[in-house]
Amino acid sequence: MRQKRGGRTAGVTMEDVARVAGVSAMTVSRVLRQPTLVNADLKARVEAAIRETGYIYNLVASSLASQRSGIIALILPTVASSIFTDSVKGVSDVTRTHAVQMIMAETNYSPAEEEKVIEALLRRRPDGFVIVGVSHTRATRALLEKSGVPVVETWDSTPTPIDSLVGLSNFDAMKAMTEALVAQGFRRIVFVGTATPDRRAQMRAKGYEAGIAEAGLGAPLILNAGDLTSMESGRIVAERIAALRPRPDAVLCLNDVLAAGALLAFQRMGITVPTDIAVAGFGGLDFSSHLNPSLSTVDIPRYEMGQKAAEMLLGRIAGTAAQGGTCEMGYRIMLRESTGGSRPTEAKAS
């Protein structure tokens, strides 16, 4: 190892690390690139030598040699919504154990913005993409198909994924929750949705409409909220619902954040939940069970979805998984106090 003034080490190589650790340079390389293939004691020795020498792995040189960057991209509609947090953690936990770096980008629920983001990221040559959603512009789909880069779409369902899919049917999940409310005796159910062109939101609205139609409850009633990530939007729409005549006996929201905002707003207005009006959400966020009353919701395996998507993507990158793989994650209907249940009731669907 060459020395700079002041005794600082310069130009540390992989061979230097191997010499300090008492292993081969190939073993050092394996620890850096495929740590799961190295036993724990050997891995610890190499990592200690890396710290001692101050070695920095040259990812650029490695990617030029292997044609892989060691990076995957995760594309989210927004980083402001807590509904995606657990999925991000699931992806991160898998990539970290495989020494793969994850970068994130958001599209603000805009297909045009998604196209720009993906085009920009392709120039940096990530090894693969995990993308929330299955609805893209034609240009985006063409970019990804022509790039040859593995893609796993998630949080939705389609018979024609770009590459592979880990998701669920938002239509089926919201239809099941609508049916559960009908089974509890509710007849004037209003759906709180959104006017944005988000396909997952549209599928949930359609699922609600199908549930209402099958129950023979007349025309569906849909109110659109503003910011889907804001409890304030739930408060505003609750005030609109409170003014309706006849007033609905149940409110079914696009997500748990809107539902929580509506529930708290009703309480401030002196409207008792669920005696005067029931409230239900979608997503199964952690806070939903801690509200008073606890919130009925569609519970989604958010962490497991991210975890499975990352595992499938790494399999595609390594060539051990075939294109076209599909995994439906399912959901659970959690009937709690906000719709009249005294304790959680689970109805599992896959």
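Residues numbered from 1 in each chain as written. Predicted model: local features only at pLDDT ≥ 70, side-chain atom pairs only at ≥ 80, totals over all residues. Heavy atoms only, no water.

This next bit is on the overall build of the protein chain. For the protein chain, the helix and strand inventory stands at 12 helices and 15 strands. A principal-axis box enclosing the C-alpha atoms of the protein chain has dimensions of 80 × 40 × 35 Å. The buried share among the 350 residues of the protein chain stands at 51%. With the model as given, the accessible surface of the protein chain reaches about 16,500 Å², and the carbon-plus-sulfur share is 50%. Counting 39 positive and 35 negative side-chain charges, the protein chain places the centres of these two groups 5 Å from one another. (Helix = DSSP H or I, 4+ residues; strand = E, 2+ residues; numbered from the N terminus. Buried < 20%, exposed > 50% of the residue type's maximum accessible area, 1.4 Å probe, protein only. Areas by Shrake-Rupley, 256 points an atom, 1.4 Å probe, with all protein chains shown as cover. Lys, Arg positive; Asp, Glu negative; His and termini not counted. Charge placed at Lys NZ, Arg CZ, Asp CG, Glu CD.)

Another aspect to go through is unusual backbone geometry. Backbone torsion omega between Arg245 and Pro246 reads -5°, so that peptide bond is classified as cis. Turning to its location among the elements, Pro246 is positioned in the loop between helix H10 (231–242) and strand E10 (250–253). For Asn108, which is not glycine, the phi dihedral falls at a positive 55°. Tracing the backbone shows Asn108 in the loop between strand E4 (101–106) and helix H6 (111–122). For Arg125, which is not a glycine, the phi torsion comes out positive at approximately 55°. Relative to the helices and strands, Arg125 resides in the loop between H6 and strand E5 (128–132).

Attention shifts here to the packing of helix H8 (residues 170–183) against helix H9 (residues 199–214). Between H8 and H9, the least distance of the axes is 7 Å, while the angle of their chain directions is 40°. Here H8 lies oblique to H9, going by the angle between them. In terms of crossing hand, the pair formed by H8 and H9 is right-handed. Here Asn170, Phe171, Met174, Lys175, Thr178 and Glu179 of H8 lie close against H9, whose contacting residues are Arg200, Met203, Arg204, Lys206, Gly207, Tyr208, Ala210, Gly211, Ile212 and Glu214. Here the contact of H8 with H9 is composed, by residue class, of six nonpolar, four polar and six charged. (Axes fitted to C-alpha atoms, helices over the stretch in contact; angles between N-to-C directions. Parallel < 35°, antiparallel > 145°, perpendicular 65-115°, else oblique. Left-handed = near helix turned anticlockwise from the far one by under 90°. Contact = heavy atoms within 4.5 Å. Nonpolar A, V, L, I, M, F, W, Y, C, P; charged D, E, K, R; others polar.)

Structurally, Lys175 can be placed in helix H8. Within the structure, the side chain of Lys175 is placed 2.6 Å from the side chain of Glu179, a separation counted as a polar contact. In this structure the side chain of Lys175 is engaged in a polar contact, spanning 3.1 Å, whose partner is the side chain of Glu214. The contacts of Lys175, once residues within four sequence positions are left out, are Gly207, Tyr208, Ala210, Gly211 and Glu214. (Polar contact = N/O pair within 3.5 Å; in protein donor to acceptor, adjacent residues only side chain to side chain.)

Counted by the stated rule, this structure contains two aromatic pairs. Between the aromatic rings of Phe84 and Trp155, the centroid separation amounts to 5.4 Å while the plane-to-plane angle is 80°, which identifies the pairing as edge-to-face. In this pair, Phe84 sits in the loop between strand E3 (71–76) and helix H5 (85–97) while Trp155 sits in the loop between strand E6 (151–154) and strand E7 (164–167), placing the two residues 71 residues apart along the sequence. Accessibility assignment for this pair places Phe84 and Trp155 in one class, buried. (Phe/Tyr/Trp six-rings, centres within 6.5 Å; stacked < 30°, edge-to-face > 60°.)

In this approach, a probe sized like a water molecule rolls over the atoms, and the result shows the empty space that is left. According to the stated counting rule, one finds two cavities of 30 Å³ or more in the structure shown. Here the largest cavity defines a volume of roughly 130 Å³. Along its surface, the largest cavity is lined by Ser81, Ile83, Phe84, Tyr109, Asp198, Arg200, Ala201, Arg204, Leu228, Thr229, Leu254 and Asn255. Residues that form the lining of the largest cavity fall into these classes: six nonpolar, three polar and three charged. Quantified by volume, the second largest cavity comes out at close to 50 Å³. The set of elements that each furnish at least two residues to the lining of the second largest cavity consists of E3, H5, E5 and helix H12 (302–318). A class-by-class count of the residues in the lining of the second largest cavity yields eight nonpolar, three polar and no charged. (1 Å grid on protein atoms, 1.4 Å probe; cavity = no way out; pocket = protein on both sides within 12 Å on 5 of 7 lines; lining within 4 Å. Points joined across faces, edges and corners; volume = space filled by probe spheres on them.)

Across the interface, H10 lies against helix H11 (residues 256–268) with an axial gap of 7 Å and an inter-helix angle of 50°. Considered as vectors, H10 and H11 are oriented oblique to each other. Along this stretch, H10 crosses H11, giving a crossing that reads as right-handed. When H10 is examined against H11, the residues Met231, Ser233, Gly234, Arg235, Ala238, Ile241 and Ala242 are found in contact with a partner set consisting of Val257, Leu258, Ala260, Gly261, Ala262, Leu264, Ala265, Phe266 and Arg268. Considered class by class, the residues forming the contact of H10 with H11 number 11 nonpolar, three polar and two charged.

Take it as geometry only, folks, not as evidence of what the structure does.
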